[in-house]
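Chain by chain, the residues run as shown.
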Amino acid sequence: MAELIDGKKVSQELKDDVRTEVEGLKDKGIEPVLAVILVGQDPASTVYVNNKKKACEYTGIRSLSYELPEETTEEELLELIDKLNEDDNCDGILVQLPLPKHINEDKIIKRISPDKDVDGFHPESVGRLSLGERGFKSCTPAGVIELLKRSGTQIDGKHAVVVGRSNIVGKPMAMLLLRENATVTVCHSHTANLKELTRLADILIVAIGKPKFIDASYVKEGATVIDVGIHRLEGKKLCGDVDFESVSKVAGKITPVPGGVGPMTIAELMNNCMEAAEMHANK
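Here's a quick rundown of the structure. From a predicted model like this one, the values you see are computed outputs, not experimental measurements. (Residues numbered from 1 in each chain as written. Predicted model: local features only at pLDDT ≥ 70, side-chain atom pairs only at ≥ 80, totals over all residues. Heavy atoms only, no water.)

1. Things to note about the sheet that holds strand β6 (residues 183–187)
Taken in spatial order, the six strands line up as β1-β11-β8-β7-β5-β6 in an open sheet, and their pairing is parallel. Edge positions in the sheet fall to β1 (3–4) and β6, since each of these pairs with one other strand and no more. Examined bridge by bridge, strand β5 (residues 159–163) and β6 share five bridges and lie parallel to one another. What sits directly across from V163, in β6, is C187. (Pairing = 2+ DSSP bridges. Helix = DSSP H or I, 4+ residues; strand = E, 2+ residues; numbered from the N terminus.)

Have a look at this one:
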């Protein structure tokens, strides 16, 4: 049976580290501040935003909350972002996605200053990541790297296979693994020999948005399997992109859903915000 990689435990360790760093910054008169913008009343988004506020409170980061009505125009949202970009007391800006259909998400993401882009979605942040320069890393892939390292999984020299090529997870995940000296293969919906490739993986990271798609037949014995997916089944039970019951019998290590990758995303967001405050103070 595979060893469980406990995302709740690791995320708590990371938040404790951030809390200590934030205390050190406050001793120097620097208070990290995160602006969180929510447009509309999407239930899942509201839960995420509340969790982010709780994490801010725990780590000592001050959060500014902007809860805007569904009918907020794109222009009004852009004006708020411009104002926060200019505000020297604000270190990070987070716009909770998805946005209402009448607002262009791409335009909103590009309007956030790269120096305040704590989600790591701005094209400049992605460019810095691909060049190996210092910048904000997309929170979920950064959380996966932290899970691997803190669970004692060697990345250097290993073959990592990423299933999924989204801009939020798959692509930045591949770049972060390359930065850690893994040999990386990226698979997607047009990959012809998916099972052959995933069975070569020492580290298999799955982010495809299909419930329980990856079963034991896709996994090399002893591999570390990271499940980024999350789905709500009938009866409100949660599952990931990996068939946990099947894969846990062959994998060496595996993340559960829930309690695996999910908690790491918010912990990494706090880490990015702390780093933003540090960077702005040193300018």
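2. Looking at the sheet that holds strand β3 (residues 62–68)
With parallel pairing, three strands are arranged side by side in an open sheet as β3-β2-β4. Each having just a single partner strand, β3 and β4 (92–95) make up the two edges of the open sheet. Adjacent strand axes in the sheet meet at a mean angle of 15°, parallel and antiparallel pairs treated alike. Relative to β4, strand β2 (residues 33–39) runs parallel, the two sharing four bridges. Of the residues in β4, the one forming a bridge with V36 is L94. Contacts from helix α2 (residues 43–59) reach β2, β3 and β4 within the one sheet, and its direction differs from that of β2 by about 170°. Docked against the sheet, helix α3 (residues 74–86) engages β2, β3 and β4, running at close to 180° with respect to β2. (Axes fitted to C-alpha atoms, helices over the stretch in contact; angles between N-to-C directions. Contact = heavy atoms within 4.5 Å.)

3. A few points about the pairing of β5
Of all five residues that make up β5, five are buried, and the element is covered over most of its length. Burial along β5 is two-sided: H159, V161 and V163 and A160 and V162, pointing in opposite directions, are all buried. With helix α7 (residues 170–179) bridging β5 and the parallel β6, this β-α-β connection has right-handed handedness. As paired elements, β5 and strand β7 (residues 203–206) share four bridges and run parallel to each other. Pairing of V162 across the sheet is with I205, part of β7. (Buried < 20%, exposed > 50% of the residue type's maximum accessible area, 1.4 Å probe, protein only. Right-handed = clockwise from strand over helix to strand, strands pointing away.)

4. Overview of the pairing of β2
Counting buried positions along β2 gives seven out of seven residues, so the element sits mostly inside the fold. Going residue by residue along β2, you find V33, A35, I37 and V39 tucked away on one face and L34, V36 and L38 tucked away on the opposite face as well. Bridging between β2 and β3 involves seven bridges; their strand directions are parallel. Pairing of V36 across the sheet is with S65, part of β3. As a crossover connection, the stretch from β2 through α2 into β3 is right-handed.

5. Things to note about the nonpolar core
Counting 26 residues, the largest nonpolar core has V144, L177, I205, I226 and V228 as the members making the most contacts within it. The set of elements that each furnish at least two residues to this core consists of α1 (7–27), α6 (139–150), β5, α7, β7 and α10 (262–281). Counting residues per element, this core draws most heavily on α6, which supplies five residues. If near-sequence neighbours (up to four positions away) are discounted, I205 is found in contact with V144, V161, V162, V163, M173, L177, I226 and V228. Residues A55, I61, L94 and M274 belong to the second largest nonpolar core, which totals 22 residues. (Core = buried A, V, L, I, M, F, W, Y, C linked by side-chain atoms within 4.5 Å.)

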